[in-house]
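Coordinate analysis (summary)
In case you want the letters, here they are:
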Amino acid sequence: MSRKLYRWTLVAYPPSFRNEYGDEMAETFAVGLQSATGLRARLGFVLRSGLDLGVSAARLRLDSRRGRGKRDADHGFARLGGPGRRGSRAGGDRTAIDGLLNDLRFSARSLLHRPGFAAIALITLAVGIGANVAMFSLVKATLLQSLGYGEPEQLVTLHSAIAREGIEFGQTSMADFLDIRERNRAFEAVSLWSFRSASVATDEGAVWISGVAATTNIFDLLQVRPLLGSTFAIGDDGPDGPRNVVISEGLWNTLFGGRAEAIGESLRLDGVEHTVVGIVADDAAFPGGTQLWVPLPLELENEPRYRRVYWGWRA
Amino acid sequence: MFNPTQPRMEDCTLMDDAHQFLPLTPRVLHILLALLHGPQHGYRIMKDVEELSSGLVKIGPGTLYEAIHGLREKALIEPAASEGDARRRAYRLTELGRDVVAAETSRLADVVDYARSAAAGGTGTSR
């Protein structure tokens, strides 16, 4: 994935250069990223490579536009050493900052004198910056941003495979879940959930709210603590248990104006009265975007109604 | 007075071509040094440059291949014989490239000698 993204950002380079070195550069980037150990090192490598890409691409674009003679400074070589315009500086001691500032000064002069070229340069920069932003956004979302659950690296999703139908990641049955929970040795805990959206009665009429029915241990498994109130308690999923519901921060603000008194108030889900027992932060919602949670009764007869997936807590 | 950009006479007979590329920047010098012991591919060059310079010179893939392109055009390096995967093309020094490394290191040695001599209150003549 990272190799493809980096390869895509090479669009900032002149086509001839990209065709000649693109695959090698992407490979070098991928190996470098793979070799970096730890999040900090990987992030540093990505940032350094992105900045390096932007500067060298802009330099090569400028070089090709300048149309300088091959002997002088083909593709930036003279700036790195040799007989070119800047190569006469004794000792070759120009720092990276010096070089960048010189390039910026030269770029400013070029842009002022050649509006047509300025437009091309700006478009090139826009593409390069856009590509970098896209790459860093992905890095942030996949590597840096927390899932909102405790020890997220320990969470795994379990699916039932249905070989005869060729389904690798299928739904599972309540019976299978109960068997797995009983015989489980690999996970600290397992939980079962299914989509359970509901019609919720409000002062303005009924609204459709995305919800989930889950085993009562789901929040403990995710290590999610409520902003207010509590989550499910043992027994909530029993046939005679209380009809409790946990709602998201967003739904709490919408329906109850963020009032603390919402805990203990009733909420009609599909015409059935439930009691609000807790509020969970939006960024800790599981699955993302869920607005309410109700206990999932561990009864075999419930099984055909919902899609179910296991969540495991690896020991 | 010693002039660090002035090649020594004995070098001129061997390295007239090489001297036109001097002085080298630290980046180019380290890239060429990384290839002294044989062909290397991009990532290995990048790591060697960092290690050879004790972390003072760090280059990314963009700068590296920009430099490689320039060095190839100047015929200081060339692709080594392909060993299969085109994405891992290795590069090696040409004869001219070796001459340039030798000329630059000789020049730098003169600079160091001069600096030491000057610091010690000497006359500042080269070796």
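Owing to the predicted nature of the structure, the values given are computational and were not obtained by experimental measurement.

Observations regarding the nonpolar core
Ranked by internal contacts, the top residues of the largest apolar core, which has 43 residues, are Ile31(B), Leu32(B), Leu64(B), Ile68(B), Ile77(B) and Val100(B). Contributing elements (two or more residues each) for this core: helix H2 (15–35) and helix H3 (39–66) of chain A together with helix H2 (26–34), helix H3 (42–52), helix H4 (61–73), strand E3 (90–93) and helix H5 (95–119) of chain B. Looking at this core element by element, the count peaks at six residues for H2(A). In this view, Leu64(B) contacts Gly42(B), Ile45(B), Met46(B) and Ile59(B); residues no more than four positions away in its chain are not counted. One finds Leu221(A), Val276(A), Ile279(A) and Val280(A) within the second-largest nonpolar core, a separate group that totals 36 residues.

Side note on the pairing of strand E9 (residues 244–248) of chain A
All names here are of chain A. The buried fraction of E9 is high, at five of five residues. Residues of E9 alternate between two faces, with Asn244, Val246 and Ser248 on one and Val245 and Ile247 on the opposite face, all of them buried. Note that E9 and strand E11 (residues 272–280) share five bridges and pair parallel. In the sheet register, valine 245 faces E11, and the bridge partner there is valine 276. The sheet contact formed by E9 and strand E12 (residues 292–295) spans two bridges and is antiparallel. Bridge pairing in E12 places valine 246 opposite tryptophan 293.

Observations regarding the environment of Ser160(A)
All names here are of chain A. Tracing the backbone shows serine 160 in strand E2 (residues 160–162). The partly exposed category is assigned to serine 160, around which 17 C-beta atoms lie within 10 Å. For the pair serine 160 and threonine 172, spaced twelve residues apart in sequence, the C-alpha to C-alpha distance is 5.2 Å. When residues no more than four places from it in sequence are discounted, the contact partners of serine 160 are Gly170, Gln171, Thr172 and Asp176.

Comments concerning the confidence of the model for chain B
All names here are of chain B. Mean pLDDT for chain B: 83, with 79% of residues reaching 70 or above. pLDDT under 50 marks residues 1–14. Its contacts with residues more than four places away, or in other chains, come to 19 contacts. For this predicted complex, the interface confidence reaches an ipTM of 0.80, while the overall pTM sits at 0.46.

Quick word on the sheet that holds E3(B)
Residues and elements named next belong to chain B. Spatially, E1-E3-E2 is the arrangement adopted by the three strands of the open sheet, whose pairing is antiparallel. The open sheet has two edge strands, strand E1 (40–41) and strand E2 (77–79), and neither has a second partner. Bridge count between E1 and E3: two bridges; the pairing is antiparallel. Across the sheet, histidine 41 pairs through a bridge with alanine 90, a residue of E3.

Section: helix H10 (residues 249–256) of chain A
Residue and element names in this part refer to chain A. Within H10, burial applies to Leu251, Trp252 and Leu255. Projection of H10 onto a plane perpendicular to its axis shows the buried side chains occupying an angular sector of 105°, all on one side. Buried residues along H10 sit against strand E5 (198–202), strand E6 (205–209), E9, E11 and E12. Downstream of H10 by one or two residues, glycine 257 has phi in the positive range, about 60°.

What to know about unusual backbone geometry
Across the junction of Phe286(A) and Pro287(A), the peptide omega takes the value -10°, indicating a cis bond. Relative to the assigned elements, Pro287(A) resides in the loop between E11 and E12. The omega torsion of the bond from Leu22(B) to Pro23(B) falls at -5°, within 30 degrees of zero and hence cis. Mapped onto the fold, Pro23(B) is located in the loop between helix H1 (9–19) and H2. One non-glycine residue with positive phi stands out, namely Asp270(A), at about 50°. With respect to the element layout, Asp270(A) can be found in the loop between strand E10 (266–269) and E11. A positive phi angle is found at Ala75(B), which is not glycine, with a value near 60°. Relative to the helices and strands, Ala75(B) resides in the loop between H4 and E2. Note on Ala75(B): 12 C-beta atoms within 10 Å, which makes it exposed.

Side note on the pairing of E12(A)
Residues and elements named next belong to chain A. The side-chain alternation of E12 yields two buried faces, one formed by Leu292 and Val294 and the other by Trp293 and Pro295. Examined bridge by bridge, strand E7 (residues 211–214) and E12 share four bridges and lie parallel to one another. Note that in E12 the partner of glycine 211 across the bridge is leucine 292.

What about the confidence of the model for chain A?
Detailed reading of predicted coordinates is not advised where the pLDDT is low. Residue and element names in this part refer to chain A. With 84% of its residues at a pLDDT of 70 or more, chain A has an overall mean of 79. Here residues 69–94 is modelled with pLDDT under 50, and outside its nearest four sequence neighbours on either side it reaches 68 contacts, counting other chains as well. Note on residues 304–310: pLDDT under 50 across the span, and 23 contacts to partners over four residues away in sequence or across chains.

What to know about the packing of H3(B) against H4(B)
Helix-helix packing is characterised by the crossing angle of the two axes and by the distance between the axes. Residues and elements named next belong to chain B. The contact between H3 and H4 brings their axes to 10 Å, and the two run at 105°. Comparing their axes, H4 and H3 come out roughly perpendicular. Counted together, Gly42, Ile45 and Met46 of H3 and Pro61, Leu64 and Tyr65 of H4 form the full contact between these two elements. Tallied by class, the residues present in the contact of H3 with H4 amount to five nonpolar, one polar and no charged.

Details of the environment of Thr94(B)
Residue and element names in this part refer to chain B. Among the structural elements, threonine 94 can be located in the loop between E3 and H5. Judged by C-beta crowding, with 17 C-beta atoms within 10 Å, threonine 94 ranks as partly exposed. Taking the C-alpha atoms as reference points, threonine 94 and leucine 76, separated by 18 residues in sequence, lie 5.4 Å from one another. Those residues in contact with threonine 94, other than ones at most four positions away along the chain, are Ala75, Leu76, Ile77 and Glu78.

What counts and how
Residues numbered from 1 in each chain as written. Chains lettered and ligands numbered in written order. Predicted model: local features only at pLDDT ≥ 70, side-chain atom pairs only at ≥ 80, totals over all residues. Core = buried A, V, L, I, M, F, W, Y, C linked by C-beta atoms within 7 Å. Buried ≥ 20, exposed ≤ 12 C-beta atoms within 10 Å, placed from the backbone. Helix = DSSP H or I, 4+ residues; strand = E, 2+ residues; numbered from the N terminus. Contact = placed C-beta atoms within 7 Å. Pairing = 2+ DSSP bridges. pLDDT = per-residue confidence, 0-100. Arc of directions from axis to C-beta. Axes fitted to C-alpha atoms, helices over the stretch in contact; angles between N-to-C directions. Parallel < 35°, antiparallel > 145°, perpendicular 65-115°, else oblique. Nonpolar A, V, L, I, M, F, W, Y, C, P; charged D, E, K, R; others polar.

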